[in-house]
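Observations on chain architecture
Below are the chains, spelled out letter by letter.
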Amino acid sequence: MAAYVPSHELIEHIESGQTWAIARMITRAEAGATEAREAIGEIYRKAGRAHIIGITGVPGSGKSTLVNKLAEKLRQNGRTIAIVAIDPSSPYSGGSILGDRIRMADLVLDPGVFIRSMATRGAVGGMAHCALDVVDILDVAGFDTIIIETVGVGQDEVEIAHAAHTTVVVSAPGLGDEIQAIKAGILEIADIHVVSKCDRGDANRCLTDLKMMLKDGLGSSGIDHWHPPVIGISSYADEGFEALIEALAAHKDSSVNSQRREDIARFRLSKAAETLLLEEFRNFLDITASAQKLAARKGDPYSLALSLIEDFKNENT
Amino acid sequence: MASTAIRVLLAKVGLDGHDRGIKVVARTLRDAGMDVVYSGLHRTPEEVVIAAVQEDVDILGVSLLSGVQLTVFPKIFALLKEKNVNDLIVVAGGVMPDEDVVAIKKMGVALVMLQDTPPKEIIASLQQLVAERGPR
Ligand SMILES: Nc1nc2c(ncn2[C@@H]2O[C@H](COP(=O)(O)OP(=O)(O)OP(=O)(O)O)[C@@H](O)[C@H]2O)c(=O)[nH]1
Ligand SMILES: [Mg+2]
């Protein structure tokens, strides 16, 4: 049937904005295809122009609906937008239903918008790592702003915060999740706080509660000169988006500097090293003998693991 | 190690507002380990094709109940050609007369799932179609 286009040949088509090529490269990045690794490296070297925005918040807080509206507004200002929408994989089958697109229907026919859905299960080494390869591809394809929508539970969003330029945390009234948000550390990663669904009567309460919590020091992002603003938004009533767009621009100007870029680079480097190391270690590893020893209580987990690592190191010298 | 799940876009084209069937199929495919992008109701051929290309799905599943199959599929295939896409597997689902099944298969639809097609058979057929297509 169709001919296989090698990854390095896709690059020029990506740079000229060919949707099929962008989409195919993303598929290969997501698969962690070895064939694509060199091309992804080349893409990384060409990337670095786009403003990368991470949007997170508990399930149902209105992220996708907000992204739909935000993208529409940014388009009116002449920016091109790519959206990476991440939904969870089923822990049972590994499959997923990716439904964020339903809320982004207004954007589909706009050639200045590219939307890609992804499941949390992806390449070895965690979501963020492969999502960032995807971001580079979209960057090289020429999109000005890249928005990553993640699921507001677990470790992945904290990783996204290490990797995005600007992280927006969405809280919503009526979800009763303040304590959970604190526990998950989700408030701490915000560069910008949004309270969504402000057309609802109970939104004010949510806004005040959040402001109180932040005042009590429950959400400091560690950057001295930037104080995360709290912005009320209603996607339904179309309110608050000017303030959000202003805050995004202000954060980009004040905080996306060489230090931030180095922090992100540091994160990516250690992620990439972890991924490769883990992969090699797994390929090398035959744990049957050690596992049998462990099961028979003839050894303990740490010393057996240590000796596996010793073997691995010796193999590689 | 390049292991990915089969990616499927399920779209509903036409004016009828029933999506129970398509949601059941979505769950069935997820439970078989596939990544299913669901794009909602009332999609036009143009919107469906744009989504399928951006999502780079292996399989585009179009569900229709309103008897529009003979106009929808020619549009879909024309758009795919225009967009340089030549390895997308297009399947149909829904209710339609036998002669329409023959007609849309001639246009390039790889598989037609009627309402009584058992889930296991759907899964197996889709897996087989992707295997036959080969790596991409
Ligand atoms: N009242 C009100 N409801 C909203 C608003 N925005 C979204 N919703 C509703 O909130 C629900 C969740 O919206 P989504 O945009 O899908 O939320 P999400 O955070 O993307 O959800 P997940 O991706 O599943 O985590 C839907 O029922 C929306 O209709 C808003 O501005 N006002
Ligand atoms: Mg969503």
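In this text the structure is predicted, and so the values were computed from the model without any measurement.

Description of the overall build of chain B
Within chain B, the secondary structure is distributed over 5 helices and 5 strands. Overall, chain B shows an N-to-C arrangement of helices and strands of β-α-β-α-β-α-β-α-β-α. Whereas a compact globule of 136 residues would reach a radius of gyration of roughly 14 Å, chain B reaches 14 Å, a difference of no more than 12%. Across chain B, contacts joining residues at least 24 apart in sequence account for 72% of those joining residues at least 6 apart. Only carbon and sulfur atoms are counted for the fraction: they give 55% of the accessible area of chain B, which is about 6,200 Å². Charge-centre separation for chain B: the mean point of 15 positive side chains lies 2 Å from the mean point of 17 negative side chains.

Considering helix α3 (residues 69-82) of chain B
A turn of α-helix holds 3.6 residues, and therefore any two residues three or four places apart point the same way. Residue and element names in this part refer to chain B. The first and last C-alpha atoms of α3 sit 20 Å apart over 14 residues, in line with the 20 Å expected at 1.5 Å per residue. Of all the residues in α3, the buried ones are Q69, V72, F73, I76, L79 and L80. Along α3, the residues classed as buried sweep out an arc of 130° about the axis, all on the same side. Turned more than 90 degrees away from the buried face of α3, the exposed residues are K81 and E82. Structurally, α3 contributes buried residues whose contacts are with α2 (45-55), β3 (59-64), β4 (89-94) and α4 (98-107). Looking one or two places after α3, you find N84, whose phi comes out positive at around 70°.

Overview of the site of ligand 1
Residues and elements named next belong to chain A. Around ligand 1, the structure places 17 residues, and the nearest of them are S64, T65, R103, D199 and Y236. Contact distances for ligand 1 include 2.8 Å between an oxygen atom and a side-chain N or O atom of K63. At 2.5 Å from an oxygen atom of ligand 1 is found a side-chain nitrogen or oxygen belonging to T65. Across the complex, the protein chains shield 78% of the 650 Å² of accessible surface that ligand 1 would expose by itself.

What to know about the domain arrangement of chain A
By the assigned domains, chain A splits into domain 1 (1-46), domain 2 (47-256) and domain 3 (268-315). Its C-alpha centre places domain 1 of chain A at a distance of 33 Å from the equivalent point of domain 3 of chain A.

Digging into the pairing of strand β1 (residues 7-12) of chain B
All names here are of chain B. Judged by how many residues are buried, β1 sits mostly within the fold: 6 of 6 residues are covered. Two elements, β1 and strand β2 (residues 35-38), share 4 bridges in a ladder whose sense is parallel. Within β2, the residue paired with V8 across the bridge is V36. Sheet analysis places β1 next to β3, joined by 5 bridges and oriented parallel. Paired with A11 across the two strands is V62, which belongs to β3.

What counts and what doesn't
Residues numbered from 1 in each chain as written. Chains lettered and ligands numbered in written order. Predicted model: local features only at pLDDT ≥ 70, side-chain atom pairs only at ≥ 80, totals over all residues. Heavy atoms only, no water. Helix = DSSP H or I, 4+ residues; strand = E, 2+ residues; numbered from the N terminus. Rg over C-alpha atoms; globule rule 2.2 N^0.38 Å. Contact = heavy atoms within 4.5 Å. Areas by Shrake-Rupley, 256 points an atom, 1.4 Å probe, with all protein chains shown as cover. Lys, Arg positive; Asp, Glu negative; His and termini not counted. Charge placed at Lys NZ, Arg CZ, Asp CG, Glu CD. Expected span 1.5 Å × (residues − 1). Buried < 20%, exposed > 50% of the residue type's maximum accessible area, 1.4 Å probe, protein only. Arc of directions from axis to C-beta. Near = heavy atom within 4 Å. Polar contact = N/O pair within 3.5 Å; in protein donor to acceptor, adjacent residues only side chain to side chain. Domains from an automatic or database assignment. Pairing = 2+ DSSP bridges.

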